[in-house]
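# Structure at a glance
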Amino acid sequence: MTIPGRTVRPVTEADLAACNQLCDRIHGHDRGWELKEYVARGMATLVECDGRISGYATEIGFFGHAVGENNEDLKALIGAAPAFGGSGFYVPISNPDLFRWCLNHGLRLIQTETLMSLGLYNQPAGAFLPSALY
């Protein structure tokens, strides 16, 4: 499934700095070490809009994370995923637009969980899919 105006492709080593800057802008920190590991495994993807990186995913799955400037970026990453890792992926219920989009495209809720964090938590300044790991 494609999202108009969005192109999804694999992340390369040359894309790491831009992806890390995007994550820092959205979360207040980067996850470069994790992203680099997924790039080495050939699993990370990114989404481009208007010729620039607007989102990325280590994988769409239970142990992967994704960030995007907006929901369209996450929809493109989810729609382009060849498979979902583990038993699925987390969609924050605080993002009802993305949650409804997933349901409208045949995805189903398995269980609800609570997002928890150790230490200071900053509300992300963009769209995201959390990871079960970090």
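Remember, it's a predicted structure, so these values are computed and weren't measured experimentally. (Residues numbered from 1 in each chain as written. Predicted model: local features only at pLDDT ≥ 70, side-chain atom pairs only at ≥ 80, totals over all residues. Heavy atoms only, no water.)

### Looking at helix H4 (residues 96-104)
- Looking at H4, one finds that the buried residues are Leu98, Phe99, Trp101 and Cys102. Down the axis of H4, the buried side of the element spans an arc of 160°, and every buried residue falls inside it. Summarising the geometry of H4, the exposed residues directed more than 90 degrees from the buried face are Arg100 and Asn104.
- Against the buried residues of H4 lie helix H3 (71-80) and strand S5 (127-129).
- After H4 finishes, the residue Gly106 shows a positive phi value of roughly 90°. (Buried < 20%, exposed > 50% of the residue type's maximum accessible area, 1.4 Å probe, protein only. Helix = DSSP H or I, 4+ residues; strand = E, 2+ residues; numbered from the N terminus. Arc of directions from axis to C-beta. Contact = heavy atoms within 4.5 Å.)

### Things to note about the pairing of strand S3 (residues 52-57)
- With five of six residues buried, S3 lies mostly within the body of the structure.
- As defined by bridge partners, strand S2 (residues 45-49) adjoins S3 across five bridges and the pair is classed as antiparallel. Bridging from a neighbouring strand, Glu48 pairs with Ile53 of S3.
- Between the antiparallel neighbours S2 and S3 lie two residues, among them Asp50 with a positive phi of about 55°.
- Across three bridges, the pairing between S3 and strand S4 (residues 66-68) is antiparallel. Note on S4: the bridge partner recorded for Gly55 is Gly68. (Pairing = 2+ DSSP bridges.)

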